[in-house]
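Residue-level structural notes
If you want the building blocks of each chain, they are given just below.
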Amino acid sequence: MNDEGRPEGPGFATLCIHGKKHLDKHEVGRPIRAVSTPIFQSSTFAFENAEHGAAVFRGEDPSYVYTRLGNPTQTALEVEMAYLEQGEAALALASGMAAATTAVLTCCQAGDHIVAGDTLYGGTHQLFTQTLPRMGITVTEVPAADPDNFARAITRKTKLVYLESPANPTLVLTDIAAVAAIARKRGVPVLVDNTFCTPYLQNPLALGADIVLHSATKYIGGHGDTVAGILVGKADWMMRARMEILRDVGGCISPFNAWLLLRGLKTLPVRMDRHMANAMEVAQFLSFHPKVDQVIFPGLKTHPQYELYRRQQRGPGGMISFLVKGGREAGRVVMDNVKLCTLAVSLGDVDTLIEHPATMTHSTYSEAELLKVGIHPAMVRLSVGLENVEDIIADLRQALALA
Ligand SMILES: *Cc1c(COP(=O)(O)O)cnc(C)c1O
């Protein structure tokens, strides 16, 4: 309120808001050439004049309008992800689940049907079995290792085939090319959740899928500090996802989180190489450990789909599931006694994370469903991090000794 003693011109409150215009002209008005993409932490974007604004809203001018619909930092991430996944366009969203709901609502309406693999991220399973049915969208979940199961489940109402490969947490693989060929014949788009592999290890679009989904919270962000999701696919489909669903449902990513993912992407291949090298050694250690009953890791020849893994993926990823002798109680002892590994959900972080799917990430499955889809009640899931592998192994060794 008090502008006394200030120089002539706009008042202090006005300057607080408009002073930057002065700064634009005199300080920022020179070439910037920042090496790191700037964070455009702006909710809205100015129009040149009323006619310009109207042209933007008529879709005749591509200028930015409002960050829910698009933002330059977000665009930089989308262009990069589309390129890495060999797709035409991408859409960055607030979380992996925002990506899942946006994809489903772009493809389906009340009365439609989805065929999905039966082992899914727990949140996706809950969306499919609890939330979508309330909206009149039904889902049939089928064992995902056999492509014929998808063929049998597709009906005239099916508008989407949805799968995870490798699946969380059973690491069951689906032959993406085979399912894509089946679905294409029936005119149904295929979405692949590529969170476990990242575009470094697998490109579902190149195998015939139509849409790729990432929980970018995991390996793409990679540091355990961001929740985000990404869709990649055809440009026209992505425009509908943005202008029909994202616009109305609103699960947009923040410019800062988009920037964190851009930063994560810079080291993705280096991190993945180390995640995989560490995971291979940990998987071997566990396989020979007398207190471990079963180790599930696509990079081991004992994985029932080892041949498909070699054909479909460029590496095994960093996720291991295993069963401790003595069942659920023995697994609990291991999880309660690790010191370096962190007992936490999520995955793909620099830190090694350990968790119990049956009571944590996949507690949305009933006991009967868990058994049916192969999530053993004693299964322990390990996201192998980037620590020195000897230290991870030493930690697991001392915890297993107590089990
Ligand atoms: C974590 C996860 C999701 C959900 O992503 P959020 O970013 O947590 O919303 C979806 N699919 C898979 C395979 C995941 O691991």
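The preceding data block contains the structure.
In this text the structure is predicted, and so the values were computed from the model without any measurement.

1. Remarks on the pairing of strand 6 (residues 211-215)
The buried fraction of strand 6 is high, at five of five residues. Side-chain alternation along strand 6 places Ile-211, Leu-213 and Ser-215 on one buried face and Val-212 and His-214 on a second face that is also buried. Pairing between strand 6 and strand 7 (residues 229-233): four bridges, direction antiparallel. Bridging across to strand 7, Val-212 finds its partner in Val-232.

2. Looking at the site of the ligand
The ligand sits among 13 residues. The nearest are Gly-96, Asp-193, Ser-215, Thr-217 and Lys-218. Interatomic distance of 2.6 Å between a side-chain N/O atom of Thr-217 and an oxygen atom of the ligand. If the ligand stood free it would expose 380 Å²; the protein chains cover 92% of that surface. Counting atoms within 2 Å of the grid points, the majority share of the ligand lands in the second largest pocket. The class makeup of the residues in the shell around the ligand is four nonpolar, six polar and three charged.

3. What about the layout of surface pockets?
Here the largest pocket defines a volume of roughly 720 Å³. Contributing elements (two or more residues each) for the lining of the largest pocket: helix 2 (50-57), helix 3 (72-84), strand 1 (89-93) and helix 9 (235-249). Here the lining of the largest pocket is built from residues that sort into 14 nonpolar, six polar and five charged. In this model, the second largest pocket occupies a volume close to 330 Å³. Lining the second largest pocket are 23 residues, with Met-97, Tyr-121, Ser-215, Thr-217 and Lys-218 sitting closest to its centre. Elements with a contribution of two residues or more to the lining of the second largest pocket: helix 4 (96-107), strand 4 (158-164) and strand 6. Of all the elements, helix 4 adds the most residues to the lining of the second largest pocket, at three residues. Here the lining of the second largest pocket is built from residues that sort into ten nonpolar, nine polar and four charged.

Conventions adopted
- Residue numbers run consecutively from 1 along every chain, following the written order of its sequence.
- Local features in this predicted model are restricted to residues whose pLDDT is 70 or higher, and side-chain atom pairs enter the listing and the counts only when it is 80 or higher, whereas totals over whole chains, interfaces and linings include all residues.
- To obtain the side-chain values, all non-hydrogen atoms of the structure were used and water was disregarded.
- Accessibility here uses a 1.4 Å probe with only protein chains present; expressed as a share of the type maximum, an area under 20% marks a residue as buried, one over 50% as exposed, and anything in between as partly exposed.
- In DSSP terms, a helix is any run of H or I states spanning at least four residues, a strand is any run of E spanning at least two, and both are numbered starting from the N terminus.
- When DSSP finds two or more bridges between two strands, those strands count as paired.
- What makes a residue near a molecule or strand is one non-hydrogen atom of that residue sitting within 4 Å of it.
- The term polar contact refers here to a pair of N or O atoms within 3.5 Å; inside protein, the definition further demands a hydrogen-donor-capable atom paired with an acceptor-capable atom, and it admits residues adjacent in sequence only when both atoms are side-chain atoms.
- For the area figures, the Shrake-Rupley method with a 1.4 Å probe applies, and any residue is considered shielded solely by the protein chains shown.
- The definitions used throughout rest on a 1 Å grid laid over the protein atoms alone, on which a cavity is an enclosed set of points accommodating a 1.4 Å probe that cannot get out and a pocket is an open set flanked by protein within 12 Å on both sides along at least five of seven lines; lining residues are those having an atom within 4 Å of a point.
- If over half the atoms of a molecule are within 2 Å of the grid points of a cavity or pocket, the molecule is regarded as sitting in it.
- Ten residue types, Ala, Val, Leu, Ile, Met, Phe, Trp, Tyr, Cys and Pro, are classed as nonpolar, four, Asp, Glu, Lys and Arg, as charged, and the remainder, Gly among them, as polar.
- Grid points are joined across faces, edges and corners, and a volume is the space filled by probe spheres set on the points.

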